[in-house]
Amino acid sequence: MFTLAQLASFVAVAEELHFGRAAARLHLTQPPLSRQIKLLEQEVGVTLLDRTGRTVKVTPAGRVFLTEARRILRLAEESSLAVRRIPTGAGGTLAVGFTAVSVHGYVQPFLRRIAEELPHVDLVLRELVTADQVEAIASGDIDLGFVRPPVIRAGLLSRVVHAERLLLAAPADDPFALRREQADVADLDGRALVMYSPVESRYFYELVLGLTARAQVRPRYVQYVSQVHTMLALVQAGIGLAIVPESATALHPDGVAFVDLADARSPVVELAATWRGSADNPALGRALALLPGPAALGLEPAWRPM
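What you see is a predicted model, and the numbers here were worked out from it, not measured in a lab.

### Notes on the overall build of the protein chain
Point 1. Counting its secondary structure elements, the protein chain contains 10 helices and 13 strands.
Point 2. Counting across all 306 residues of the protein chain, residues that qualify as buried make up 43%.
Point 3. Pairs at least 24 apart in sequence give 75% of the contacts found in the protein chain among residues at least 6 apart.
Point 4. Summed over all atoms, the accessible surface of the protein chain reaches about 15600 Å², with 53% contributed by carbon and sulfur.
Point 5. Placing the 31 positive and 32 negative side-chain charges of the protein chain at their respective mean positions leaves the two points 10 Å apart.

### Examining helix α1 (residues 4-16)
Every α-helix carries 3.6 residues per turn, so stepping three or four residues along brings you back to the same face.
Point 1. An ideal rise of 1.5 Å per residue puts 18 Å on 13 residues; α1 measures up with 18 Å between its terminal C-alpha atoms.
Point 2. Of the residues flanking the end of α1, it is Leu17, one or two places downstream, whose phi is positive at about 55°.

### Describing the pairing of strand β9 (residues 220-225)
Point 1. Of the strand pairs in this sheet, strand β8 (residues 192-196) and β9 are connected by 5 bridges, and their pairing is parallel. Note on β9: the bridge partner recorded for Leu193 is Tyr221.
Point 2. Crossover handedness for the path β8 to helix α8 (residues 202-214) to β9: right-handed.

### As for the nonpolar core
Point 1. If you look at the biggest cluster of nonpolar residues, it comprises 36 residues, and the most contacted ones within it are Leu168, Tyr196, Ile243 and Val244.
Point 2. Among the elements of the structure, β7 (166-171), β8, α8, α9 (228-236), β10 (241-245) and β11 (256-260) are those that each provide at least two residues to this core.
Point 3. Top element by residues in this core is α8. It accounts for 6 residues.
Point 4. Other than its neighbours up to four places away in sequence, Ile243 contacts Leu166, Leu167, Leu168, Leu188, Leu193, Tyr196, Val208, Leu211, Met231 and Leu261.

### Overview of the packing of aromatic side chains
Point 1. By the definition in use, this model includes 8 aromatic pairs.
Point 2. Arranged with centres 5.7 Å apart and planes meeting at 55°, the rings of Tyr106 and Phe146 form a pair that is tilted. Of this pair, Tyr106 sits in the loop between β3 (91-98) and α5 (107-117) while Phe146 sits in strand β5 (residues 144-147); the two residues are 40 residues apart in sequence, bridging distant segments of the chain.
Point 3. For Phe146, a relative accessible area of 0% corresponds to the buried category.
Point 4. Connected via pairs of aromatic rings, a cluster forms that spans Phe2, Phe10 and Phe65.

### Overview of the side chain of Gln133
Point 1. Tracing the backbone through its elements, the reader meets Gln133 in helix α6 (residues 130-139).
Point 2. On the basis of relative accessibility, which here comes to 0%, the residue Gln133 falls in the buried class.
Point 3. Excluding residues within four positions of it along the chain, Gln133 makes contact with Gly97, Phe98, Thr99, Leu128, Ile142, Gly145, Phe146 and Val147.

### A look at the environment of Glu135
Point 1. Its location among the elements puts Glu135 in helix α6.
Point 2. Looking at Glu135, the relative accessible area reads 45%, which means it is partly exposed.
Point 3. In the structure, Glu135 is positioned 61 residues away from Tyr196 in sequence and 21 Å away in space, judged by C-alpha atoms.

### What about α6?
Point 1. Among the residues making up α6, those that are buried are Thr130, Gln133, Val134, Ala136 and Ile137. Buried residues of α6, seen end-on, are gathered within an arc of 165° and therefore sit on one face of the element.
Point 2. Within two residues after α6, Gly140 carries a phi angle of roughly 85°, on the positive side.

### Here's the deal with the confidence of the model for the protein chain
Point 1. Taken residue by residue, the protein chain gives an average pLDDT of 87. The fraction at 70 or more is 91%.
Point 2. Of the regions scoring below 50 in pLDDT, residues 294-306 engages in 41 contacts with residues more than four places distant in sequence or in other chains.

### Details of the pattern of salt bridges
Point 1. Counted by the stated rule, this structure contains 13 salt bridges.
Point 2. Here Arg113 ties to Glu117 by a salt bridge, and the two come within 2.9 Å at their closest N and O atoms. Taken together, the positions of Arg113 and Glu117, both in helix α5 and 4 residues apart, correspond to about one turn of that helix.
Point 3. With a relative accessible area of 36%, Arg113 lands in the partly exposed category.
Point 4. Connected through shared salt-bridge partners, Glu15, Glu16, Arg21, Arg25 and Arg70 make up one network.

Calculation criteria
Residues numbered from 1 in each chain as written. Predicted model: local features only at pLDDT ≥ 70, side-chain atom pairs only at ≥ 80, totals over all residues. Heavy atoms only, no water. Helix = DSSP H or I, 4+ residues; strand = E, 2+ residues; numbered from the N terminus. Buried < 20%, exposed > 50% of the residue type's maximum accessible area, 1.4 Å probe, protein only. Contact = heavy atoms within 4.5 Å. Areas by Shrake-Rupley, 256 points an atom, 1.4 Å probe, with all protein chains shown as cover. Lys, Arg positive; Asp, Glu negative; His and termini not counted. Charge placed at Lys NZ, Arg CZ, Asp CG, Glu CD. Expected span 1.5 Å × (residues − 1). Pairing = 2+ DSSP bridges. Right-handed = clockwise from strand over helix to strand, strands pointing away. Core = buried A, V, L, I, M, F, W, Y, C linked by side-chain atoms within 4.5 Å. Phe/Tyr/Trp six-rings, centres within 6.5 Å; stacked < 30°, edge-to-face > 60°. Arc of directions from axis to C-beta. pLDDT = per-residue confidence, 0-100. Salt bridge = Lys/Arg side-chain N within 4 Å of Asp/Glu carboxyl O.

If you want it as C-alpha cells, here you go:
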C-alpha cells in the first residue's frame with residue numbers, strides 16, 4: 001500500500017511540474033523524491049507522471065489520481081487535528097439529553113453556545129424524560145442531561161441552571177384569558193384541568209398538586225398526559241385548562257393564552273444539568289464550564305395571548 005509520504009511527493013510534483021521545485025517544497029533532494037514517485041507508480045500500477053525530456057506532465061491517469069491523493073491527504077490532516085483536539089475537550093463527541101419542553105427554553109441557547117465555542121465537538125442530541133435521562137447518564141449512554149430535580153442517584157452530580165414560572169394556559173375565549181389579569185389559583189376549583197402524568201411527569205405532577213393543595217381547591221382532572229405540547233393541544237381543543245412552565249410560550253399554539261398566576265407562593269420550575277462524577281470525556285468538562293451557577297431569576301409578571 002502506498003504511503004502518505006508518497007502521496008505528498010506526487011502531489012508536490014504534479015502541482016509544481018518540476019522535480020527541483022517540488023523537492024525544495026518538501027525539503028528533500030531530488031533522488032529520494034524520484035524514488036517515492038517510482039514506488040507509488042509501482043504500487044498503483046500505472047504511470048502518473050510523464051517525464052519526457054526536461055518537462056514533467058501529469059498523465060490522464062495521474063490527473064484522476066491527483067484528485068484522490070489530495071482528498072486522502074486532507075482527510076489524514078483533518079483526522080490528525082481532530083484526534084489532537086480530544087484530550088483538551090476542543091474536539092470529540094458529546095451526547096446531550098433534554099426534556100421536550102426544556103429545548104424551547106434554556107437548552108436551546110446552551111446548545112447554540114456549545115456550537116459557537118466548541119465548533120469541533122460533535123453533538124449527539126436525545127429527547128428523553130427525566131427518569132430515562134438519569135438511567136442513560138448512569139450507564140454512560142449520554143454525557144450530560146437536562147432534567148427536573150432532584151437527582152437522587154449514586155455517582156451522579158447535578159446543578160440547577162435555570163428557573164422559570166408556572167403559567168396558566170387557557171383557551172383564548174376563556175374568562176381567565178379575557179380578563180387580562182392574573183389568575184387566582186382559587187378560581188380553579190371545579191374547573192376542568194389537564195393534568196400531568198404522575199409517572200412520566202412526576203415533577204410537574206407534584207408541583208401542580210402542591211399548588212392546588214395549598215390553595216385548597218379541587219380542579220377536575222380531565223386528562224393525564226406526559227408532554228407539554230400535548231397538554232397545549234388539549235387546551236387548544238377546549239378540553240380544559242393547564243398549568244405549564246413559561247418556556248411553553250415558545251410553542252406559540254394558536255388560540256391559547258398564557259396567564260400569570262396570582263399566587264405568590266407559586267413554585268418555580270427548575271432545570272438541572274446532570275452528569276456522572278466519574279465521566280472522563282474531556283468535552284464534557286468544557287461543556288460544564290459553560291453552565292451558569294444555580295439560577296436565581298427575577299420573574300416579571302406578564303400576560304401573553306397566543
